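The primary structure of each chain is shown beneath.
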Amino acid sequence: MSMEIFFDAERKVSLNLEEEAQIEKITEKYWREYEGKDQYEGPGTFLPDGEDIIYSGTLRIPLEFMDEGAEGLEKMQEFLKYWLKWLSDVTCAVPKAKWDVRFEGIPLIWDEGIGWRMMSDQEFGNTEFR
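Attention here is on the structure that accompanies the text. For clarity, every value in this text was computed on a predicted model and none was experimentally measured.

**Some details on unusual backbone geometry**
Here comes step 1: Its identity as a non-glycine residue notwithstanding, K96 has a phi of 65°, on the positive side.
Here comes step 2: Mapped onto the secondary structure, K96 falls in the loop between α2 (69-92) and β4 (98-103).
Here comes step 3: The phi angle at E104 is positive, at roughly 50°, despite the residue not being glycine.
Here comes step 4: Relative to the elements of secondary structure, E104 occurs in the loop between β4 and β5 (106-107).

**Comments concerning the side chain of T91**
Here comes step 1: Relative to the assigned elements, T91 resides in helix α2.
Here comes step 2: The exposure class assigned to T91 is buried, which follows from its relative accessible area of 8%.
Here comes step 3: A distance of 2.8 Å separates a polar atom in the side chain of T91 from a polar atom in the side chain of W116.
Here comes step 4: Setting aside its immediate chain neighbours within four residues, T91 contacts W99, W110 and W116.

Quick notes on the rules
Residues numbered from 1 in each chain as written. Predicted model: local features only at pLDDT ≥ 70, side-chain atom pairs only at ≥ 80, totals over all residues. Heavy atoms only, no water. Helix = DSSP H or I, 4+ residues; strand = E, 2+ residues; numbered from the N terminus. Buried < 20%, exposed > 50% of the residue type's maximum accessible area, 1.4 Å probe, protein only. Polar contact = N/O pair within 3.5 Å; in protein donor to acceptor, adjacent residues only side chain to side chain. Contact = heavy atoms within 4.5 Å.

Laid out in structure tokens, this is it:
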């Protein structure tokens, strides 16, 4: 079992070959450098056939982290930090796309210069969910 981060990029113009190659290069780098690749899976992505969705996928967060107490929480934070950095780099490689990124239905925040992040308590309290 797992929790998931879902992401979609929407744009009127499909990914071009350069963007696809850049995404592949970014993903290969992160996977190659990922220390947990023997235990956990990386992001599952695809290029949808839909109208304006040009890139989509999920990132499964293993629930085993929850069974390990404080050490597991630290591992989960590192996992999220690492793969949100990957998603931030991918986001930057796809200009002019509108991204929808959610952790179990809760929207994530895009901060220019930082990338994707979880909401603060205050932001969470002020959010209307779709």
